[in-house]
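Chain and residue survey
Each chain, letter by letter, is given below.
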Amino acid sequence: MYNLILKDILIQKKIILLSFAYIVFFVIAMQGAGFVMYPTALTAITYMLVVTSCAYDDKNKADVMLNSLPIKRSSIVLAKYLSVIVYVVTGTVAYWVITTLLALTGLPVKIYPVSSEGFAGGLLAIGFINSIYFPFYFKFGYIKSRFLNLILFFVFFFGLTSVVKFIYVQKDTSWVKIAAKFINSQTDLQIFTYIIVLTLVIMAVSLALSLRAYQGKDF
Amino acid sequence: MEPILEVTKLRKNFKDFSLKDISFTMEKGYIMGFIGPNGAGKSTTIKLILNLLKKDSGVIKVFGLDNLKHEMAIKNKIGFVFEENYFYEELTIREMKKIIAPLYTNWDDSAFIKYLSNFNLPPQKKIKDLSKGMKMKFSLAVALSHHADLLIMDEPTAGLDPVVRNELLEILTYVIQDENKGVFFSTHITSDLDKIADFITFINDGQIILSIAKDQLLDQHALVKGSKDLLDNDIRKEFIGIKENQFGFEGLVADRLKAKALFGAHVLMEKPALEDIMLFYTRGWQHV
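Given the structure is predicted, the values throughout are model-derived calculations rather than measurements. (Residues numbered from 1 in each chain as written. Chains lettered and ligands numbered in written order. Predicted model: local features only at pLDDT ≥ 70, side-chain atom pairs only at ≥ 80, totals over all residues. Heavy atoms only, no water.)

Counted by the stated rule, this structure contains 29 aromatic pairs over all chains. Ring geometry for Phe24(B) versus Phe184(B): centroids 5.6 Å apart, planes at 5 degrees, classification stacked. Within this pair, whereas Phe24(B) is found in strand S2 (residues 18-26), its partner Phe184(B) is found in strand S8 (residues 182-187), the two being separated by 160 residues in sequence. Assigned by exposure class, Phe24(B) and Phe184(B) land together as buried. An aromatic cluster of three or more residues is present, and its members are Tyr47(A), Tyr81(A), Tyr133(A), Phe134(A), Tyr137(A), Phe138(A), Tyr214(A) and Phe219(A). Above the plane of the ring of Phe63(B) lies Lys77(B), whose end atom (NZ or CZ) is 4.5 Å from the centre. Across the ring face of Tyr115(B), the terminal group of Lys114(B) is positioned such that the distance to the ring centre comes to 5.0 Å. (Phe/Tyr/Trp six-rings, centres within 6.5 Å; stacked < 30°, edge-to-face > 60°. Helix = DSSP H or I, 4+ residues; strand = E, 2+ residues; numbered from the N terminus. Buried < 20%, exposed > 50% of the residue type's maximum accessible area, 1.4 Å probe, protein only. Lys NZ or Arg CZ within 6 Å of the ring centre and 35° of its normal.)

Residues and elements named next belong to chain B. Under the defined criterion, the tally for this structure stands at 24 salt bridges over all chains. A salt bridge links Asp-149 to Lys-181, with the shortest nitrogen-to-oxygen separation between them at 3.6 Å. Of the two residues, Asp-149 sits in the loop between helix H5 (132-145) and strand S7 (150-154) while Lys-181 sits in the loop between helix H6 (162-175) and S8, which places them 32 residues apart along the sequence. Residue classification places Lys-181 among the buried residues on the basis of a relative accessible area of 13%. Note that Arg-165 is salt-bridged to Asp-192, the shortest N-O span being 3.3 Å. Here the residue Arg-165 occupies a position in helix H6, and Asp-192 occupies one in helix H7 (residues 191-196), the gap between them amounting to 27 residues. (Salt bridge = Lys/Arg side-chain N within 4 Å of Asp/Glu carboxyl O.)

Structure follows, in C-alpha cells:
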C-alpha cells in the first residue's frame, strides 16, 4: 500500500512542483477569495493531484501490471483514498510555507493564513469531491470519468455559491434560525468533529462503492 | 507430483468471442508453448490465469492451488512478461524497482543488479527511453529477481529483433534447468518454440486443438507433398489441411504411418514445423 502511494508521488513529481507554483499564483492573484483562499487552494490542488495520478495510471495501463503483481485489488483502491491524505498534508504544508515566506517579503498582498476553519471546510469539500469521483473512476476508468471533472468543478464552485445565497435569502425562516442557533451553541471543536465525522462517513460509503466496482472489473 | 499449471473447463464469454471450456495441464520442469493465431484466446487465457479477467466457469490451479483462493501466494511466485510495456514510463528503472521489490517476499536485490548489468540496463534510465527489447529485458529481470517458479509470458518476442529473441530463448533454457520451475510461453512466432518448447498447447477460436509433447507432435504429423491426381474426396478427408494448386498439393496428416501406408512411395513426406501445423489446423482445406 505504501509503495502504491509512493508510486503516485514519484510519477507526478513535476506536477507536485507545479502545484506549489499554483499556490503562489493563487495567493497573489486571487486576493478576492478572502478567507476561503486556503481551503479553495487546498481543494483545487488535492483534486488536481488525484486526477493526475489517475491519468498516469490510465496512460500506462497500470491496472494490468498492478494486478499481475501480488497486490490485492482492495489495496489498489485503498491506496488512492489514502493518497488524498498525503496531498492534503503536502498542500497544507506548502501553503503555510508559501504564505509565511510571502509575508516576510513584504509584498503588498494580503495573506490569508492556514486556519482550522479553513482546514475543516477544505476537508469537507475534498471529501465530497473525491468521494464522488473515485467510484466513477474505478468503475468506468479515467477517460469516461473525465466529463465528471467538469461537472464536479461547476457544482463545487457555482453550486456552493448558490447554496450560500439560498440560505441568505431564507435567513429569516425558522429552519435557518434553528440551524444557526445550533451551530452558534457548539464549540469550534465540536463543529470540527462533526465535519470530520461527516467527511469520514461520506468517504467510507464511497470506498465501499469503489471496492465493489474494482473487484469485479476485467482488464 | 502436482502440475505447476492446471486449467479445467475454463470458460469466458465476451460479446463476440468465447473461450470454450478449455482444459490443459503443464508439469514442472518444462517449457510449454501456447500457440494460436491472433484472436484465438491466448491472451484471454493468460489474463484469466492471473485473474485480470473474471472467469465465467471452470477451475485454474497454479502450484496445485486455486488461483482465486490463493491469489496472493501464487502471484508471489509468478513472473510475468507481456508483449506491451505496462510499467510506468515516467519512472526510471530504479524507481520502478523500488515500488515493485517490496511486494515480493523473495525479492533478491543482488540478482536484480546482476540482471541489469547482464542485460545492459542503466538503472537511472527512464522506462520510456528504453527500446522495445530493453523493456522486455527489464520485465524479465523483474520476473527473474523474485525467484518465480512459474514464468508466464504473453507474446514476449513480438516486435523484437532476432538477436534479442535469441537472448531471451537462451535465458529461458537456462532458467528451466531448475526442475521446479516452469515457463508458459504464448506466441504466434512458432519458430521460437521449435527451438525451446517441450510441450505445445494449440488454441484456435477459443478451443484447445491439441496439448501434447512437441517431439510427439512433430513425429506423428507429416507434411505430404504430391501430384494432384492422387487426391479424391475420400483421400482429402485424411488430411487436417490441404493446399492445392495447379501443379500438386501439400497437406498435413495427423498420422504419419497411416499416410505412408496409403500413399507409399508416390508422395514426399516431410517433418512439419510448428508453423505448418498451426497453419493447416487453422486454415483447413484450401484451394490456391
